[in-house]
2 protein chains.
Amino acid sequence: MNGAETVLRAAVDAGITTCFANPGTTEMPLVAAMDSTPGLRSVLCLFEGVCTGAADGYARIAGVPALTVLHLGPGLANGIANLHNARRAHTPVLNLIGEHATWHRDADPPLNSDIEALAATVCGRVTRLSEPTGLIDQFADLLAFVRHPFAGPTTAIVPHDLQLADIPDGRLPEQLVESRETVSADLVDQAAAAVKGGGAVLILGGDALTERGLAAAARIIAATDVVVYGGGFPARVERGKGRLSPRRLPYFPEHAAAALARFKAVVLVGEPEPVSFFGYAGHPGRFVRDDQQMITLAGPTGPAEAYVEALADHLGAPVDVTPPAPRGPAQTPPTGPITPQTLAEAIAWVQPEGAIVVDEGATSTGELYFRSAAHSAPHTYLTITGGAIGFGMPCATGAAIAGGGRRVLSLQADGSAMYTLQALWTQAREGCDVTTVICDNAAYRILGVELDRAGVSAGPTAASMVSLMPRLDWVSLARGMAVPAVAVDDVASLIAAVSRSIAEPGPMLIQARMV
Amino acid sequence: MNGAETVLRAAVDAGITTCFANPGTTEMPLVAAMDSTPGLRSVLCLFEGVCTGAADGYARIAGVPALTVLHLGPGLANGIANLHNARRAHTPVLNLIGEHATWHRDADPPLNSDIEALAATVCGRVTRLSEPTGLIDQFADLLAFVRHPFAGPTTAIVPHDLQLADIPDGRLPEQLVESRETVSADLVDQAAAAVKGGGAVLILGGDALTERGLAAAARIIAATDVVVYGGGFPARVERGKGRLSPRRLPYFPEHAAAALARFKAVVLVGEPEPVSFFGYAGHPGRFVRDDQQMITLAGPTGPAEAYVEALADHLGAPVDVTPPAPRGPAQTPPTGPITPQTLAEAIAWVQPEGAIVVDEGATSTGELYFRSAAHSAPHTYLTITGGAIGFGMPCATGAAIAGGGRRVLSLQADGSAMYTLQALWTQAREGCDVTTVICDNAAYRILGVELDRAGVSAGPTAASMVSLMPRLDWVSLARGMAVPAVAVDDVASLIAAVSRSIAEPGPMLIQARMV
């Protein structure tokens, strides 16, 4: 077996069976090896940011990482924005970068660049595979690392000559998964005391947002006066009727700080310390004051679900409680023009059980998060953890491939959708069950809000910098990539179009023209 | 004046008057300052790779750098592939990256990442502006660096609070341009001796490929038996009737090494040592053998034009020579299906005087380079210097904005065009005079060639990884971004469509379906 075959087979043996690829010349042996690697599914993407975003979405749903195959430094660079989101989601991803032949690198050919430096900005581990004899051990070490559920992105640099080299027989070490943190009884004691003392807030993230984690949090609510928040941008949260719907920390710092101001203790379970998305002069950057107690049961990579359950048990909370139903007006199908409000009502109305909602709707989908929790059947919600735009359509693609028939609702802002629109082609090619809704307001609306916040009066140039005119025709863009598409101008038509899409296999795009 | 206004005004004072922007929240003060900066033209792009590629194309034509405005680390990362091309072209570019407020960075907010590490992979200088008092001096230093015509990309990281801070009055230092290398008489002596000795080859790059540089090379040909090559992928070369058309080094190493094998001396003027684009087992990585003399008059950033002229003078070459006319069959308008051959004949036939040809046609446009030299009126040719795909459409956009009415012919492969197709929207918005021809063979054809070279028999998965099916409908994609478009299936229709496009202002896209 050559190096390329050895690497792909070891990945499959470790349970990593899906590969999102945008290869070039230095990855050709890896491409050739795809055919001799049983059990590997290879998915072609027409831009590397699609590969990395799809790998993120895949692992968020499948619970196991995917491979990417990317071409040298520039190919990796194109994938970094979505690897940044995966890093903030702590999603395991394993990038395979074909590198120039070892003996040729000193010649500094045109595509040569510092792959390690690029990868290190987003990867917890970067390994340059170097010798045929050591390859199995080096790669096994990386596989063990990336099999941790919160490993985040990792990169293996695989020189072209090593891909072609004969590799001595070798078995992967039996024990691939690194041990995970365990629950500390002392920390649970501390948190229980704070919660029993009254005036505590629990902020959930990571795997505290699973069905089990949320059920445990509902038990704590039933037993104490604790208030439960979800973090700002969770990687994955289970939502819908019958599940606890934690409050969400507001986006702007003055609101978030105000929300937390009254609590004596802040208990973090699967979340880092809550901080402002951006720093605004005159507003707080950190939301927990020095005179408030802050207890971190688990950070984002910790065993958060286990901690919530341990805390509920320690507090002697009742089991099998019904979570408080989220407040919300009675649900009726909305009518009239499409606004952020009616769009949320419409999606919540039609969204099927088991849906995966991918939310990169920016200013247009803030309502949806709570609206669907109150009124929709159980579903899974994925958000843009790292704030790097261009997350949604690739993530939806990977989530659909992992979801095995679960309908993916991909809520997209028109501005952010343009970053990685190539994902639509992969959705068509793979027959992904993705319904994309473009929230079309012909603007970088969030930036208009930011200009207002900055208190500057936008001149004509600044105003034009946040205006998406000429207006994008998303129906044509989708059709250009073989995805059926329609445009709608009112919310009844939006509901009809989403319903039709859900009823039919494969992708569809709906351009929702908003007022 | 605040920091943002100071930076933009200093750039304009230094002659940098065009800005390609894809801003986010941390760049809002820079966006607001655009309106208070007289003489600055701001161009919105819907993806950062468009900004950086446009800045590269702009500077190649204008001879002065452009600004980009990019959002934090992920925004910069999206622009790195085209900055890589600019680095290999040694094109000056000045990136302004809005960074988190200084006081907020320790909180590690979601979009925080290592901007310096990313920038250092493609930039010759990276400066974090740090204090209001030192800002003018720090920025002047960077401006001086980037005003060198071969400076390559540079980056200024501008924290949000510094953009908003009051900046003390300060004048930019008078002397902004760093001194350039001068011609060494000793080196010219050595090269003249080698050329006079017979059996020498001159390889031209950098600014040896200007009209003056090529005229000087033609003089040397008239006086000696020297053979003149152009480097593999020149940043900019003046071509067309009446100009010397240097041979081009072949792409694959066995052909390139064979082309240079017979020479006793290799004289480099504006080029690095010629090496293989990729390393292939059993083929040479470097093309100049140890027993051949190699003289570097100037590397890619050296004063190559001055060296060719000095060498011609030193050799006593005649002045005002007519360069040898490139060989080629008599030109008639081609007919029949569209092949790489007929496509080249068609473009060479219709291409107007003063055209700027941007070539990212990969396997489809190899013929064009020579065909248009023999038969077309004088024009400028730009190529993909760093091999990072997604170069062409952004570069064409920037070249059109710098070109002031010169028609840009953007030759694109269907695979590579998908990387940065968002450039079409900017072409529509700005009314750029760009005619895009998509050489549509529904494949990553170059990778099929590479699979064949690797001697592997491609299985069905490998074959599907180089197939662009479902076929992209570029007419719809272009219309989605408000660019008029047509598809053509024969070369007579291609000629008619390109002619129509040339006759009308603004952009147009032509999907050339090849056989």
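Placed above this text is the structure.
These lines cover the structure that appears in this document, whether it is placed above or below.

Thresholds applied
All chains use their own residue numbering, which begins from 1 and follows the written sequence. By the order in which they are written, chains take letters starting at A while ligands take numbers starting at 1. In keeping with the model being predicted, local features are shown solely for residues with a pLDDT of at least 70 and side-chain atom pairs are shown and tallied solely at 80 or more, while totals for entire chains, interfaces and linings include all residues. Only hydrogens and water are removed before side-chain values are computed, so all heavy atoms of the structure are retained for them. Only DSSP runs of H or I reaching four residues or more are called helices, and only runs of E reaching two or more are called strands; each is numbered from the N terminus. Exposed residues in this analysis have more than 50% of their type's maximum accessible area, buried residues have under 20%, and partly exposed residues fall in between, with area computed by a 1.4 Å probe over protein chains only. The copies were overlaid with a least-squares fit restricted to C-alpha atoms from residues scoring a pLDDT of at least 70 in each copy. The contact criterion used is simple: two residues touch if any of their non-hydrogen atoms lie within 4.5 Å. Salt bridge, as used here: a side-chain nitrogen of Lys or Arg that lies within 4 Å of a carboxyl oxygen of Asp or Glu. Here a polar contact means two N or O atoms within 3.5 Å. Within protein one must be a hydrogen donor candidate and the other an acceptor candidate, and residues neighboring in sequence count only if both atoms are side-chain atoms. Just so you know the grouping, Ala, Val, Leu, Ile, Met, Phe, Trp, Tyr, Cys and Pro go in nonpolar, Asp, Glu, Lys and Arg go in charged, and all remaining residues, Gly too, go in polar. If DSSP finds at least two bridges between two strands, the strands pair. The definition of a right-handed crossover adopted here requires that, viewed with the strands pointing away, the path from the first strand over the helix to the second runs clockwise. Here the axes come from fitting lines to C-alpha atoms, over the contacting stretch only for helices, and the angles between their N-to-C directions go from 0 to 180 degrees. The hand of a helix crossing depends on one turn: near helix anticlockwise from the far one by less than a right angle means left-handed, and clockwise means right-handed.

Examining unusual backbone geometry
Residues and elements named next belong to chain A.
1) Next: That bond from Met469 to Pro470 is cis: its omega, 5 degrees, falls within 30 degrees of zero.
2) Next: Relative to the helices and strands, Pro470 is located in the loop between helix H18 (460-465) and helix H19 (474-480).
3) Next: The phi angle at Ala442 is positive, at roughly 55 degrees, despite the residue not being glycine.
4) Next: Here Ala442 falls in the buried class, since its relative accessible area comes to 11%.

Quick word on the relation of the copies chain A and chain B
1) Next: Overlaying chain A with chain B gives an RMSD of 0.0 Å, the required rotation being 180 degrees about an axis along which the chain moves by 0.0 Å. Here the two chains are linked by the operation of a two-fold rotation axis.
2) Next: Taken together, the interface assignments show that 100% of the residues at the interface of chain A recur at the interface of chain B, consistent with an identical surface on both copies.

Focus on the interface of chain A and chain B
1) Next: Counting residues at the interface gives 90 residues for chain A, matched by 90 residues for chain B.
2) Next: At the junction of chain A and chain B, the tally comes to two salt bridges.
3) Next: Scanning the region where chain A abuts chain B turns up 40 residue pairs in polar contact (both at pLDDT 80 or more).
4) Next: For the side of chain A that touches chain B, the leading source of residues is helix H4 (residues 72-89) of chain A, giving nine residues.
5) Next: For the side of chain A that touches chain B, the residue count by class is 49 nonpolar, 28 polar and 13 charged.

Observations regarding the side chain of Gln292(B)
Residue and element names in this part refer to chain B.
1) Next: Mapped onto the fold, Gln292 is located in the loop between strand E11 (265-269) and strand E12 (293-298).
2) Next: For Gln292, a relative accessible area of 5% corresponds to the buried category.
3) Next: Engagement of the side chain of Gln292 in a polar contact is seen with the backbone oxygen of Ala261, the distance being 3.4 Å.
4) Next: Leave out the neighbours within four places in its chain, and Gln292 touches Leu260, Ala261, Phe263, Lys264 and Phe287.

Observations concerning the pairing of strand E5 (residues 125-128) of chain A
Residues and elements named next belong to chain A.
1) Next: Sheet analysis places E5 next to strand E6 (residues 153-159), joined by four bridges and oriented parallel. Bridge pairing links Thr127 to Ala156 in E6.
2) Next: In this region the chain leaves E5, passes through helix H6 (residues 135-146) and returns to the parallel neighbour E6; the handedness of that crossover is right-handed.

Here we look at the sheet that holds strand E17 (residues 485-488) of chain B
Within a sheet, each strand pairs with its neighbour through backbone hydrogen bonds, oriented either parallel or antiparallel.
All names here are of chain B.
1) Next: Across the sheet, which stays open at both edges, the seven strands sit in the order E9-E14-E13-E15-E16-E18-E17 with mixed pairing between neighbours. In the strand order of this sheet, the two ends are held by strand E9 (237-239) and E17, each with one partner. Going from strand to strand, the sheet's axes swing by 20 degrees on average, the running direction of each strand aside.
2) Next: Across three bridges, E9 lies against strand E14 (residues 379-383) in antiparallel orientation. Within E14, the position partnered with Arg239 by the bridge is His379.
3) Next: Against the sheet, helix H13 (residues 368-375) contacts E9, strand E13 (356-360), E14 and strand E15 (408-413), and its axis sits at roughly 170 degrees relative to E14.
4) Next: Strand contacts of helix H14 (residues 392-403): E13, E14, E15 and strand E16 (434-440), with the helix running at about 175 degrees to E15, the strand carrying the most contacts.

Regarding the sheet that holds strand E12 (residues 293-298) of chain A
Residues and elements named next belong to chain A.
1) Next: Read from one edge to the other, the open sheet built from five strands follows the order E10-E8-E7-E11-E12, with strand pairing classed as parallel. With partners counted over all chains shown, the strands left at the sheet margins are strand E10 (247-248) and E12, one partner each.
2) Next: On the sheet, helix H8 (residues 185-196) packs against strand E7 (200-204), strand E11 (265-269) and E12 and is oriented at approximately 135 degrees with respect to E12.
3) Next: The strands that helix H11 (residues 304-314) touches are E7, E11 and E12; relative to E12, the one it contacts most, it runs at about 115 degrees.

Re the packing of helix H1 (residues 3-13) of chain A against H6(A)
Helix-helix packing is described using two parameters, namely the angle between the two axes and the distance between the axes.
All names here are of chain A.
1) Next: One can describe the packing of H1 onto H6 by two numbers: an axis separation of 11 Å at closest approach and a directional angle of 35 degrees. Taken as a pair, H1 and H6 cross one another with a handedness that is right-handed. From H1, Thr6, Val7, Ala10 and Ala11 reach across to H6, where they touch Leu135, Ile136, Phe139 and Leu143.
2) Next: Looking at the contact of H1 with H6, its residues break down into seven nonpolar, one polar and no charged.

Some thoughts on the pattern of salt bridges
Side chains carrying opposite charge are able to pair once their charged atoms draw close together.
1) Next: Following the criterion strictly, the structure yields 40 salt bridges over all chains and no others.
2) Next: Between Asp108(B) and Arg88(A) there is a salt bridge, with the nearest N and O atoms lying 2.7 Å from each other. Of this pair, Asp108(B) sits in the loop between strand E4 (93-99) and helix H5 (115-120) while Arg88(A) sits in helix H4, placing the two residues on different chains.
3) Next: A residue is classified by how much of its surface remains accessible, and Asp108(B), at 37% relative accessible area, is partly exposed.
4) Next: A single salt-bridge network, built from bridges that share partners, covers Glu99(A), Arg105(A), Glu116(A) and Arg128(A).

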